[in-house]
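Next come the chains, spelled out residue by residue.
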Amino acid sequence: MTLTATTTGAPRARIDWTKPVLWLFAAFLVVLIVLPLSWLAVYSLTDRERHLTLQNFVKLFTDPDFLDPLLTTAIIATTSALFCCVIAAPMGWLVSRTDMPGRQFIRALVTASFVTPPFLGAVAWELLAAPNSGLLNQLYRYLTNADAGEHLFNIYSLTGIIFVISCYTFPFVFVLVANALDNMPGELEDASAILGGKAWTTARRVTIPLALPALVAGALVAFLQAMTLFGSPAILALPAGFHTMTTKIWSLFQYPPKLELAAAAAVPLLLLTIVLLQAQKFILGRRGYSVVGGKYGAPRRVELKAWRWAALAFCLIMLLNPVFLPYFALFNAAFSPNATTLVTPATFTLHNIVFVFTELSATQLALKNTVILGAATATIGTVLALVIAYVTTRQVVAGSRVLGFLATAPIAVPGIVLGVGLFLSYTRPPFVLYGTLWILLIAFLTISLPSAYQQLQAAFATIHPELEDASRILGATRLQSLRRITAPLLRTGVIATWCFIFIGVMRELSAAIVLFTSQTKVLSVLIYDLNESGDLAAISVLGLAMLVITFAVVFTVNRIPVFGAGAGARLRNS
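Cut-off values and rules
- Residues numbered from 1 in each chain as written.
- Predicted model: local features only at pLDDT ≥ 70, side-chain atom pairs only at ≥ 80, totals over all residues.
- Heavy atoms only, no water.
- Helix = DSSP H or I, 4+ residues; strand = E, 2+ residues; numbered from the N terminus.
- Areas by Shrake-Rupley, 256 points an atom, 1.4 Å probe, with all protein chains shown as cover.
- Core = buried A, V, L, I, M, F, W, Y, C linked by side-chain atoms within 4.5 Å.
- Buried < 20%, exposed > 50% of the residue type's maximum accessible area, 1.4 Å probe, protein only.
- Contact = heavy atoms within 4.5 Å.
- Patch = residues over 30% accessible without salt bridge, like charges linked within 9 Å, V, L, I, M, F, W, Y side chains within 5 Å.
- Salt bridge = Lys/Arg side-chain N within 4 Å of Asp/Glu carboxyl O.
- Phe/Tyr/Trp six-rings, centres within 6.5 Å; stacked < 30°, edge-to-face > 60°.
- Lys NZ or Arg CZ within 6 Å of the ring centre and 35° of its normal.
- Disulfide = S-S within 2.5 Å.
- Axes fitted to C-alpha atoms, helices over the stretch in contact; angles between N-to-C directions.
- Parallel < 35°, antiparallel > 145°, perpendicular 65-115°, else oblique.
- Left-handed = near helix turned anticlockwise from the far one by under 90°.
- Nonpolar A, V, L, I, M, F, W, Y, C, P; charged D, E, K, R; others polar.

(A) Inspection of the overall build of the protein chain at higher detail. Of the regular secondary structure elements, the protein chain holds 26 helices and four strands. A total accessible area of about 27,000 Å² is found for the protein chain, and carbon and sulfur atoms account for 67% of it.

Below is the structure:
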């Protein structure tokens, strides 16, 4: 109870709803995470008559139809992670620690590849490197007078899938390595040089050890992304005649559905994700990489001298694959009468755009569903992450550590696994949500919660609790303090989190492909359906529309001034 002064000066009792509201959020979080994983475990350990059995796992690890996708997935994920490290680590060093020209431009291009949905990149590379119709293969035959059946590239292959997945997972490694190098004190390398250490000795004993945690973390993130992707393998592997684990799980939902096997096949992905995340903590926790001390100077730029432009050329060549060539292919297909023919001023047409937005009936519904789900997920997810971050940071209720664990637990749940769990959870009473937007909303909320929670938890650490204490001394409840004091100070972080979640919904396919119906399609699912029908021009138009919306959101976020830190400083000074 809180006592509030009335106009006559007598205290009046008022109910403090803080604890009930916070426990309601906690209960919602538990249902959001625990329910689908519980049904996943139940189905994986039972047969069609709900009798306990291990036969599903026996079949999973003995049947070649499942062993081959497991091995293929391991090869793709491992090779992609290695390629990402080989490409992204040198680029991160060049951008962060050298005087290479155009460093900010390179960062912007990496951001462009980061926000490009991997399934859209796979479609673009279909346009570029399909054996017969790909633009690059057509150019090869034109330049060499090769026969019509010959080709230089074949994107429908294991090598092609590894290449495309690497193009859209290397930004994870780049961002982590570049940020680590940006924050590395220059004095450490200066001290090594003063003590006689040569450039390679300094790199081996100082720079690499300090950057190693970021590189290991990036490699594991790239591995997990490659392992759990559905869109790129579905677009490129299925035409090549083989499965990965995500496409195999999806195939088990085709008629007749084999839900028990789908649940069992999802469990190895879940367990492997958990093991890898724990391995990262174990590996990095065995040695200390921390920099102890006060304020340090900025890192020293390495002078490349005559190699400056060669370094820039290297970065631009690497970015041909995820940005320049795919975007060119999409633009060409969108404005050409034939998606795999180079557009000219004489053949330039707007027919594809008119067709997609006026004649393709599914477009309006998919756009509407995507915008509704994006806005709803971003709003609810931001509020949920804000409250949970507040509870765990301020330790408002008992069990706050458990809530923090639950909020980050979905990071270990691949999208396709979550889709299976939600399908099993919400296709029966009392919560029959399949066939509605609600089940997709729950899926997108669960997927986006860990990153949103971590962002806002970090933001809370910058706000001193004395501001909330002052508000409570004056009679406000915790919820009122959060709404009137803390949330405004976190304005920039809250807006950035909202936009981050919205962009994630735009590009999510792995969970949506299991949960959608004809009335709940979103843009990502519509693009996948159009790919199956071979309508690459329509896909290009929708893909460009998706990119325009995404970059508009990113641009808007970057234009938002920073309010939180300045406001907090003014309040403390007053």
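(B) Fine view of the environment of A217. The topology assignment puts A217 in helix α10 (residues 199-228). Considered as a pair, A217 and L176 are 41 residues apart in the sequence and their alpha carbons are 7.7 Å apart.

(C) Region of the structure containing the nonpolar core. Counting residues in hydrophobic clusters, the biggest one holds 162 residues, and the most contacted among them are M100, I106 and I513. Per element, the largest residue contribution to this core is 13 residues, and it comes from helix α19 (residues 437-460). The contacts of I513, once residues within four sequence positions are left out, are F230, W250, I416, V525 and Y528.

(D) Broad picture of a nonpolar patch on the surface. A cluster of nonpolar side chains, contributed by L45, L52, L54 and V58, occupies part of the molecular surface with about 390 Å² of accessible area. Among the structural elements, L54 can be located in the loop between α1 (18-44) and α2 (55-62).

(E) Region of interest: helix α11 (residues 231-240). Most of α11 sits out of view: seven of its ten residues are buried. G231, S232, P233, A234, I235, L236 and A237 are the residues of α11 that are buried. Contact partners of the buried residues in α11: α5 (118-129), α7 (158-167), α12 (245-251) and α24 (523-533). Backbone geometry just after α11 places G241 at a positive phi near 95°.

(F) Summary view of the packing of aromatic side chains. Within the structure shown, the criterion is met by ten aromatic pairs. Centroid distance F335 to F348: 5.1 Å. Interplanar angle 10°. Geometry classified as stacked. With F335 in the loop between α14 (308-334) and α15 (351-359) and F348 in the loop between α14 and α15, this pair connects stretches of sequence that are 13 residues apart. When its relative accessible area of 18% is taken as the criterion, F335 is described as buried. A ring pair is formed by F423 and Y434, whose centres lie 5.0 Å apart and whose planes are at 80°; its orientation type is edge-to-face. With a gap of eleven residues between them, F423 in helix α18 (residues 415-425) and Y434 in the loop between β4 (431-432) and α19 connect regions that are remote in the sequence. The exposure class assigned to F423 is buried, which follows from its relative accessible area of 14%. By relative accessible area, which is 33% here, Y434 ends up partly exposed. Ring-pair connections join several aromatic residues into one group, and the members of that group are F230, W250 and Y528. Directly above the aromatic system of F66 lies the positively charged group of K248, at a separation of 5.3 Å from the ring centroid.

(G) Here's a closer look at the state of the cysteines. Within this structure, the stated rule accounts for zero disulfides. In this model C84 remains outside any disulfide bridge; the closest cysteine sulfur is found in C85, 6.9 Å from its own.

(H) Highlighting the packing of helix α4 (residues 103-115) against α14. Axis separation between α4 and α14 bottoms out at 10 Å; the angle between their running directions is 30°. Classified by the angle their axes make, α4 and α14 are roughly parallel. Relative to α14, α4 is oriented so that their crossing is left-handed. Between α4 and α14, the residues in contact are F105, I106, L109, V110, A112 and S113 and L312, C315, L316, L319, P322, V323, F324 and Y327, respectively. Split by residue class, the contact of α4 with α14 holds 13 nonpolar, one polar and no charged.

(I) Structural detail: the pattern of salt bridges. In total, this model carries four salt bridges according to the counting rule given. We note a salt bridge from R50 to E260, for which the minimum N-O separation is 3.0 Å. Here R50, found in the loop between α1 and α2, pairs with E260, found in helix α13 (residues 259-285); they are 210 residues apart in sequence, far enough to count as distant. A relative accessible area of 34% means that R50 is categorised as partly exposed. Note that D63 and K59 form a salt bridge whose closest N and O atoms lie 3.1 Å from each other. D63 gets classed as buried once you look at its relative accessible area, which sits at 16%. K59 sits in the partly exposed class, given a relative accessible area of 33%.

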